[in-house]
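One-letter residues, chain by chain:
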Amino acid sequence: MNKGAAFQMILSMAIFGSIGFFTRKTGISAEALVFVRCICATIFLMSIWFIVGQYKKETWLKKEVLQTLFCGVFLVLNWVFLFKAFEAMSISAAISIYNLAPIFVLVMGTIFLNERINIQSVLAVTCCFIGSLLVVGLREFSSVDNFLNSGFIWAILSALCYAMTMVLGKGIQQLSAYATTFLQTIVGIIILAPIVSFSEFQGLTTSNWLYILGTGFIHTGFVYYLFFNSLRYLSALMTSALVFVDPLVAIALDVTILDFRPSVLQMLGMIFIFGGIVYTLLKPVPAKENTNAI
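Residues numbered from 1 in each chain as written. Predicted model: local features only at pLDDT ≥ 70, side-chain atom pairs only at ≥ 80, totals over all residues. Heavy atoms only, no water.

(A) Summary view of helix α10 (residues 177-192). Here α10 spans 22 Å end to end across 16 residues, near enough to the 22 Å set by a 1.5 Å rise per residue. Burial in α10 covers these residues: Tyr178, Ala179, Thr180, Thr181, Phe182, Leu183, Gln184, Thr185, Val187, Gly188 and Leu192. (Helix = DSSP H or I, 4+ residues; strand = E, 2+ residues; numbered from the N terminus. Expected span 1.5 Å × (residues − 1). Buried < 20%, exposed > 50% of the residue type's maximum accessible area, 1.4 Å probe, protein only.)

Okay, structure coming up:
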């Protein structure tokens, strides 16, 4: 194992785990925060892209560029929905549901890519679904109003969009991680510019701006650099294990700093969700044989 790469991955996930806490302190809407995040990430990663000279080595294929731009739409929506979930529910609940993305990838692979699914995978999906209900709280499903205000929809949408990002990103082979992220954050700037109310940025305190810029440059630019720089040196299994540093840090900060006190059912729900995800990652579904493959 490459210890340096593993440390970078752990550090990137630990930093990203604090994004929910930062989001609560910015004083602006989810859309405005993602807009600033895209600008900061574009500046940061584009600078590194040029400094390391990777831009000279890029292979620009029309199909991959279009796929990357389309992928960028889901990436931006994933961020917006996640931050909206942070506004409506506890960070622990939102991040637990958000991490259902690998399960959604499994389901999408079965439906759209004709991949095989076994009884163990069905049980894992069921386990995660039950866990998500327990995390949100069964009382939130007692009425339509409670359900709509619970943040559950935002959290589920963020996980679905993240899963779409992962599925679409699989086919991008020639573009570097820098070029891919640069194109995706540019998409975010274009999409959100007409939506964001710039009056939100008036009257913000120095503290608000520090949290806003921290979310942009540290949680997006710096974290993405560490993540992509370490990803190539780690096995898929190691990466899958280390990404769980993110929710662990998020839940720890939620409990220690924001005084979140999960109920017994919520704790049980988190165990169900992460147990199902870990089982899915450790027991991947065998791919369906394709006799027509080249």
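(B) Representation of the packing of aromatic side chains in the model. Enumeration over the complete set of coordinates arrives at 14 aromatic pairs. Aromatic side chains Phe21 and Phe22 sit 6.2 Å apart centroid to centroid with 75° between the ring planes, which places their arrangement in the edge-to-face category. What makes Phe21 buried here is its relative accessible area of 14%. Between Phe22 and Tyr211, the ring centres sit 5.0 Å apart and the planes meet at 80°, which makes this aromatic pair edge-to-face. In this pair, Phe22 is assigned in helix α2 (residues 19-26) and Tyr211 in helix α11 (residues 206-231), connecting sequence segments 189 residues apart. Given the relative accessible area of 21%, Tyr211 is considered partly exposed. One aromatic cluster is present, built from ring pairs that chain together Trp49, Phe50, Tyr55, Trp60 and Phe182. (Phe/Tyr/Trp six-rings, centres within 6.5 Å; stacked < 30°, edge-to-face > 60°.)

(C) Summary view of the pattern of salt bridges. Taken as a whole and assessed by the stated rule, the structure comprises one salt bridge. A salt bridge links Glu31 to Lys84, with the nearest nitrogen and oxygen atoms 3.1 Å apart. Pair noted here: Glu31 is in helix α3 (residues 30-51) and Lys84 is in helix α4 (residues 62-88), with a separation of 53 residues, a long-range link. Judged by its relative accessible area of 18%, Lys84 is buried. (Salt bridge = Lys/Arg side-chain N within 4 Å of Asp/Glu carboxyl O.)

(D) Structural detail: helix α1 (residues 3-16). Between the first and last C-alpha of α1 there are 20 Å, a value that for 14 residues agrees with the 20 Å anticipated at 1.5 Å per step. Considered for burial, the residues of α1 that qualify are Ala5, Ala6, Met9, Ser12, Met13, Ile15 and Phe16.

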